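Working through the structure, step by step
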Amino acid sequence: MQKFTPVLLILLLLIVTGCSDNKTPNPNEDNLIDQLQQNNALLEKYGQQQDEISYPFSQAYLTKRHELYQQLKKQGVNNYSADQLDYLIIEERFAERFFMWPPYAAVISNWLTLRERNAELSVAETEQVELTQWILLAQKTLMQRYDEKLILDKIHLHRLQYEIKQSISQLKRAFINPTAVNVALIQSLEGFADYLSNYRARNSLALSQQPNGASWYQAKLNYYGNTVKSPAQWFNATTQTLSALGITALPKGTLPAKIFHDDRLLNNWFLELFPITSRSKGLDWRHSYVDLVSTLSQSEQSKVTPQLHFVAAVLAQVDIGIHYQVWTQQHARNVLQTQLGLDSISADKIIEYTVLYPGVLLSPFALNSLVTF
């Protein structure tokens with residue numbers, strides 16, 4: 001029998017460990033992820049009590065987020081996608097932080113939920129003052145960036161106006177006997193609403209038309225496409241796939257009506273179309289902490305019909321058409337109605353989603369086995 005010295009045994013152990021696909025669990029990971037979700041609590045519902053609130057895209061929020069990303073990067077992630085973490089770190093350099101109130105984030109509703117959970121709504125005047133200050137800063141930042149050509153498109157504008165209107169109604173219901181602090185909070189929202197009523201949105205819906213927007217959109221395509229290809233290459237791939245499928249249009253009613261039941265599409269709505277076996281945990285609050293790329297990569301390809309391949313190609317083409325080829329809303333609507341058999345209301349819901357979440361609708365197509373370059 002061959003004998004191994006202690007040194008050889010250690011080397012063999014290191015080799016076996018290095019070749020293993022299973023990473024050693026990191027006891028700090030769950031804590032860091034929890035801190036990340038706490039930091040995003042006003043952007044995406046957080047299910048636990050929270051002593052300290054972080055206001056979206058404030059300096060404190062950005063600093064905390066950056067620190068958490070770097071800690072996760074340094075130690076490595078075991079239960080989450082390293083590619084998604086890299087994408088989120090890259091995205092820090094772009095202009096999202098200048099739009100402090102993402103129009104698809106129910107900031108005030110989430111704030112009320114946190115306060116009610118802590119049973120402190122009636123006494124949390126300090127936090128109400130902080131929230132008022134954040135609202136005023138969000139408006140001021142939007143005003144300042146306008147001169148730098150960082151301007152909301154009409155869909156972002158209308159969605160933000162709707163969210164602020166809803167927020168005013170929610171606070172008025174919550175504050176039955178309003179104090180001076182309550183009134184100041186509501187008035188800050190009313191002032192923001194007045195400003196937005198005279199806000200002149202930019203004509204284009206395309207992310208690429210924002211300053212540095214083309215690079216920002218490319219970064220999104222690199223992540224959601226799971227490879228580095230230009231928008232033109234992706235668009236050509238969608239055209240080739242549609243031609244190869246030999247399908248020109250789907251009959252009306254092909255897409256499930258339940259998807260379009262709500263006033264707005266859910267943030268991961270298209271996952272309902274594909275044979276998904278499970279949903280992978282993610283790091284991005286915008287997708288309710290679901291990793292779309294990892295989730296779609298686990299779909300059962302044998303169950304993806306030619307019709308689903310067609311839907312994926314059309315959705316990706318609309319995304320690239322809007323954000324790269326600068327399609328108008330009417331052009332995109334015509335494509336969706338003609339090719340997917342949708343009515344104008346359903347088509348507009350997809351367009352709104354595409355504008356609010358650029359690049360995302362590339363992901364079902366990018367994992368399509370028919371895609372060639």
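Scroll up for the structure.
To start, this report covers the structure provided alongside it. (Residues numbered from 1 in each chain as written. Predicted model: local features only at pLDDT ≥ 70, side-chain atom pairs only at ≥ 80, totals over all residues. Heavy atoms only, no water.)

1. Details of the packing of helix α7 (residues 154-174) against helix α14 (residues 344-356)
Taken N-terminus to C-terminus, the directions of α7 and α14 make an angle of 100 degrees; their axes are 9 Å apart at the nearest point. With respect to each other, α7 and α14 are oriented roughly perpendicular. The segment α7 lies against α14, with Ile 155, His 156 and Arg 159 engaging Ile 351, Glu 352, Val 355 and Leu 356. Classifying every residue of the contact of α7 with α14 gives four nonpolar, one polar and two charged. (Axes fitted to C-alpha atoms, helices over the stretch in contact; angles between N-to-C directions. Helix = DSSP H or I, 4+ residues; strand = E, 2+ residues; numbered from the N terminus. Parallel < 35°, antiparallel > 145°, perpendicular 65-115°, else oblique. Contact = heavy atoms within 4.5 Å. Nonpolar A, V, L, I, M, F, W, Y, C, P; charged D, E, K, R; others polar.)

2. Thoughts on helix α10 (residues 231-245)
Because each turn of an α-helix spans 3.6 residues, side chains separated by three or four positions in sequence point in the same direction. With 15 residues, α10 should reach 21 Å at 1.5 Å per residue; the first-to-last C-alpha distance of 21 Å fits that figure. Contact partners of the buried residues in α10: α9 (213-224), α12 (306-323) and α15 (363-366). Of the residues one or two after α10, Gly 246 is the one with positive phi, at around 70 degrees. (Expected span 1.5 Å × (residues − 1).)

3. Notes on unusual backbone geometry
We note that Phe 57 has phi near 60 degrees; this positive angle belongs to a residue other than glycine. With respect to the secondary-structure elements, Phe 57 resides in the loop between α2 (29-39) and α3 (59-75). You can call Phe 57 buried: its relative accessible area is 3%. Its identity as a non-glycine residue notwithstanding, Tyr 289 has a phi of 60 degrees, on the positive side. Among the structural elements, Tyr 289 can be located in the loop between α10 and α11 (292-297). Looking at Tyr 289, the relative accessible area reads 13%, which means it is buried. (Buried < 20%, exposed > 50% of the residue type's maximum accessible area, 1.4 Å probe, protein only.)

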